[in-house]
Amino acid sequence: MRLPGHEDVQLPQKMSAAASGFDLHAAVSEPVVLNPGERKLIPTGFALSMPSELEAQIRPRSGLAFKHGITTLNSPGTIDADYRGEVKVLLINHGQEPFEIQRGERIAQMVFQLVPHIQLTQVDELSDTERGAGGFGHTGR
Ligand SMILES: O=c1ccn([C@H]2C[C@H](O)[C@@H](COP(=O)(O)OP(=O)(O)OP(=O)(O)O)O2)c(=O)[nH]1
Ligand SMILES: [Mg+2]
């Protein structure tokens, strides 16, 4: 759903036939500058609903990351199936230069995933495995 006042901002859009992600456009009222190290929540001008077995992930665009160090801080961002608010993108500038975001610019992408419906059960013992509790480099470098 397009939110009021954002008729000029494109809705999420696939840029090629088999793209995984729908590109998200910045619905900022005026250009926003992200200084090096700075993070900002960028509005997109839309909200959505989806079946409960889906989630949407907000992922960076590799071009912005490679060229400018612009990425999503909470990567991948999680859009819950029951969320009805405006989708927002939490960007951070990991680059060396200020980065200006214009209204309508593509800032991130949204990828849908199936979410298995899991019910957690509390237990007192776990099954044995070869790995056991080893982790964090347990198998070597
Ligand atoms: O990049 C993001 C991440 C989240 N959200 C919205 C949709 C999501 O359903 C909601 C909550 O996100 P999350 O669960 O990641 O945040 P939280 O800190 O756990 O907040 P809450 O207590 O509202 O779940 O915020 C966005 O618009 N963009
Ligand atoms: Mg949450």
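The residue numbers shown here count from 1 along each chain, following its written sequence. Each chain gets a letter, beginning with A, and each ligand a number, beginning with 1, in the order they are written. In keeping with the model being predicted, local features are shown solely for residues with a pLDDT of at least 70 and side-chain atom pairs are shown and tallied solely at 80 or more, while totals for entire chains, interfaces and linings include all residues.

1. Side note on the UniProt feature "binding site: substrate" (unreviewed entry) in the protein
Those residues carrying the UniProt feature "binding site: substrate" (unreviewed entry) are R61, S62, G63, N74, T78, I79 and D80 in this numbering. Taken along the chain, the residues just named run across 20 residues; in space they spread out, the farthest C-alpha pair reaching 26.3 Å. Elements are defined by DSSP. Helices are runs of H or I of four residues or more, strands are runs of E of two residues or more, and each kind is numbered from the N terminus. With respect to the helices and strands, the residue G63 is situated in helix α1 (residues 62–68). Around each residue's C-beta, the other C-beta atoms within 10 Å are counted; 20 or more make the residue buried, 12 or fewer make it exposed, and counts in between make it partly exposed. All C-beta atoms are placed from the backbone. Given 10 C-beta atoms within a 10 Å radius, G63 is considered exposed. Here N74 shows up in the loop between β5 (70–72) and β6 (77–79). Residue classification places N74 among the exposed positions, given that 11 C-beta atoms sit within 10 Å. UniProt positions are given in the numbering used here, feature names are shortened, and annotations may be inferred rather than shown by experiment.

2. Digging into the sheet that holds strand β3 (residues 39–43)
Pairing between strands is defined by DSSP: at least two bridges between the two strands are required. Across the sheet, which stays open at both edges, the three strands sit in the order β3-β7-β5 with antiparallel pairing between neighbours. Both outer strands of the open sheet, β3 and β5, are each paired with one neighbouring strand and no more. Taking the axes of each pair of neighbouring strands and ignoring which way they run, one obtains an average angle of 35° across the sheet. Relative to strand β7 (residues 88–93), β3 runs antiparallel, the two being bridged by five bridges. Bridge pairing in β7 links I42 to V89. Only the contacting stretch of a helix is used when fitting its axis, a line to C-alpha atoms as for every element, and angles between N-to-C directions run 0 to 180 degrees.

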